[in-house]
Amino acid sequence: MPAFFVTGTDTDAGKSTITAGLLRAFARAGVPARAIKPVQTGCTETADGLEAPDVALWRSAGGQGEALFMYRVPCSPHLAAGMEGAELDASVVAEECRSRMNQPGVTLFEGAGGLYVPLNERESMLDLMRSLRIPGLLVVANRLGCINHALLSLDALEMAGLSVAGMVLCRTVPSAHTDAGTTAEAEALILGDNAVRLAEEGKRRGIPLLADIPYMENASPAHDAFWDALADMLEPAARALAAFSPARGIDADLLAFDREHLWHPYTSAMRPLPVREVTGASGARLFLADGTSLVDGMSSWWCTVHGYGNGRLVRALQKQAARLSHVMFGGLTHEPAVELGRRLLKVLPASLEHIFFADSGSVAVEAAMKMAVQFRRSAGQEKKTRFVALRGAYHGDTLGAMSLCDPVTGMHTLFSGVLAGQLFVERPTCRFDEPYRPESFAPAERLLREHAQEVTAVVVEPVVQGAGGMWFYHPEYLRDLRRLCDELDILLIADEIATGFGRTGRLFACEWAGIAPDIMCVGKALTGGMMTLSAVAASRRVAEVISGADAAHGGGVFMHGPTFMANPLACAVACASLDELLASPWQACVEHIQEKLEAGLAPCRNVPGVADVRVLGAIGVVETKEPVNVEAWQDFFVSRGVWIRPFGRAVYVMPPFVASDGELDALTRAVCEAVLSASRNGGTPVLEQRRESC
Ligand code: PMP
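Reading guide: rules and limits
- Residues numbered from 1 in each chain as written.
- Predicted model: local features only at pLDDT ≥ 70, side-chain atom pairs only at ≥ 80, totals over all residues.
- Heavy atoms only, no water.
- Buried < 20%, exposed > 50% of the residue type's maximum accessible area, 1.4 Å probe, protein only.
- Helix = DSSP H or I, 4+ residues; strand = E, 2+ residues; numbered from the N terminus.
- Pairing = 2+ DSSP bridges.
- Axes fitted to C-alpha atoms, helices over the stretch in contact; angles between N-to-C directions.
- Core = buried A, V, L, I, M, F, W, Y, C linked by side-chain atoms within 4.5 Å.
- Domains from an automatic or database assignment.
- Parallel < 35°, antiparallel > 145°, perpendicular 65-115°, else oblique.
- Left-handed = near helix turned anticlockwise from the far one by under 90°.
- Contact = heavy atoms within 4.5 Å.
- Nonpolar A, V, L, I, M, F, W, Y, C, P; charged D, E, K, R; others polar.
- Polar contact = N/O pair within 3.5 Å; in protein donor to acceptor, adjacent residues only side chain to side chain.

(A) View of helix H5 (residues 125-132). Counted residue by residue, H5 has 8 buried out of 8 residues, so it is predominantly covered. Burial in H5 covers these residues: Met125, Leu126, Asp127, Leu128, Met129, Arg130, Ser131 and Leu132. Just past H5, the residue arginine 133 takes up positive phi, approximately 55°.

Shown next as structure tokens:
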């Protein structure tokens, strides 16, 4: 049933009175309804504990409700909580609210003050609304200046990606002289015009003006007559809200077009696997068209470290879009690119000084490979053109990047004759969580020594091999590799596209080994997952050699230049994302997620059919003995309210760093249930089974 967030253009706009009036109107229409005050300040001590003034007001109108986070001092939530030594957090408040949403009838959540009233140092009421993602109901204080306030509030709601079910105009002050200098006639004109203008503007935006409540003379909220009169006026609004459907529902045409014409990753155009429509996302949750919300265990393939709809990132994108959304990077530059370059140089290994912006991870890998080839050509080392990669690796889907992927899972046979023939070393066998065995480096050493004359670079995903099997190997292996590359004059390219920006518990996975590569690729979480952007950072030596070449060896220029290189929107969002990450206690968050994943996935170890359970940073993997049926496992996960997409023998989660404990528990519980159900049903979890525990 629908839930709404009642917000106002201002403090004292009349929200509580309108909420109370609506509760009475719902009751008269036979619609079960309740109100909830997520944060109430100005509570009073009574013999039965704290009393919330708004709840008392709703009760006097015959309505029901409760306040969740209650404080004594009547001021803004951040101050009131602070004075009692507490700190509010939008996602925690949202979690409490969400747990009260599954009741029959209408639920009205009433905010405190207007949209930008602070909840804490970082977040406002609008962030709470963003987390809840329910439609707003805007109570507009009808007074001089209210059109401006109402439209600014609607803009803010729209920019936050929130829908608005309607507006209610409310006059809370009695007489003309409160609006400076106006006569009674002028005031009547102003208030009447406010209603006309807001109704017109609302029509343009598809947001109805649901009621226009005048100041109610000689009435007292203590009297039934007052509430009846108010409920009469709010009855049409209550009916409209009761019929309001926040979820659009499944759009069969949309899905049919998708099935007929859109090619999804690794699928058949003729017999595609089913897809689900996402209509929005907030924090660690995805919202589907049918109204379901799923906890995202994938961070949209390693990207959304801050979760979805992060205010700082959204604002950065909106601001930059209004300033300069794109311009060619050939011969021109701009502040977002320079600012991002500055920020990256501060966090990347100090020896990496030159940055090339590209538009996706695969293209970054292509550019890095071209740098390594041009480096040799420029130095006159014509024979050194081959690359060494690790089995179990994944570096992207373009031809060059694909040539570096594991020859089996990277489907080299399908593209044989087209892919460059690279050299492969067996997957590092030394686990991250076991003492290093130097002999595990021997295969790499053998191959590199044997082929040193023809190898330009070794390309590795440091410490964590991602899409090639979710394998974590020992950092000491990287140290050995760095030493040998130096000895044999081989470049080391680190593909940190998946591992970068904190995912493994270090800002970059190379930091586990304390090494610096000659070239590093970053992407994915570079923009917090909001835009596509990647960067290739090269050492001064690499850049100098390429730049010093004569005309016969490349002319001293790096030969790459994508159209959307250094796109200002993406760069601005990436700057905001780095600022957000570095301003947050990300290391503590990732450590906490690691502990939760270790504890939550541990029961899987004892389940038959499970080959291994491993956790590093905010990545948790359950490796099964047999490959999983992706569709069946995914259906099972969706039935448990989580989004987890396994592949091969890896059932894995890597949640956004902002996921709450409850959301992390939901993910690990679902994995445990799936694994247990699969072990009892021939390797595939069975949907009908209710919650299992293992
Ligand atoms: N390298 C690694 C390590 C990756 O995980 C990926 C993507 N999964 C890529 C490269 C390719 O990036 P993109 O999909 O953005 O092209």
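Here the narrative resumes, following the displayed structure.
(B) Local environment of the sheet that holds strand S7 (residues 136-141). Taken in spatial order, the 7 strands line up as S5-S2-S6-S1-S7-S8-S9 in an open sheet, and their pairing is parallel. In this open sheet, the two strands that pair with only one neighbour each are strand S5 (65-70) and strand S9 (209-213). Going across the sheet, the axis of each strand differs from the next one's by a mean of 20°, ignoring polarity. As judged from the 4 bridges shared by strand S8 (residues 164-170) and S9, these two strands associate in the parallel manner. By the bridge assignment for S9, cysteine 170 is matched with isoleucine 213.

(C) Geometry of the nonpolar core. The biggest cluster of nonpolar side chains holds 130 residues, and the ones touching the most others in it are Leu340, Phe637 and Val671. Sort the elements by how many residues they give to this core and helix H22 (residues 661-680) lands first, with 10 residues. Taken domain by domain, the makeup of this core includes at least three residues from each of domain 2 (253-307 + 587-680) and domain 3 (324-583).

(D) Structural context of the packing of helix H20 (residues 586-601) against H22. Running from N to C, H20 and H22 point in directions that differ by 30°, and their axes come no closer than 9 Å. Our classification of the angle between H20 and H22 gives roughly parallel. Here the hand of the crossing between H20 and H22 comes out right-handed. Contacts between H20 and H22 involve His592, Ile593, Lys596, Leu597, Gly600 and Leu601 from the former and Asp661, Leu664, Asp665, Thr668, Val671 and Cys672 from the latter. Taken together, the residues of the contact of H20 with H22 sort by class into 6 nonpolar, 3 polar and 3 charged.

(E) Inspection of the environment of aspartate 397 at higher detail. If you trace the backbone, aspartate 397 turns up in the loop between strand S14 (386-390) and helix H14 (399-403). Not counting the four nearest positions on each side in its chain, aspartate 397 is found in contact with Tyr266, Ser362 and Met402. A distance of 2.5 Å separates polar atoms of two side chains, one belonging to aspartate 397 and the other to tyrosine 266.

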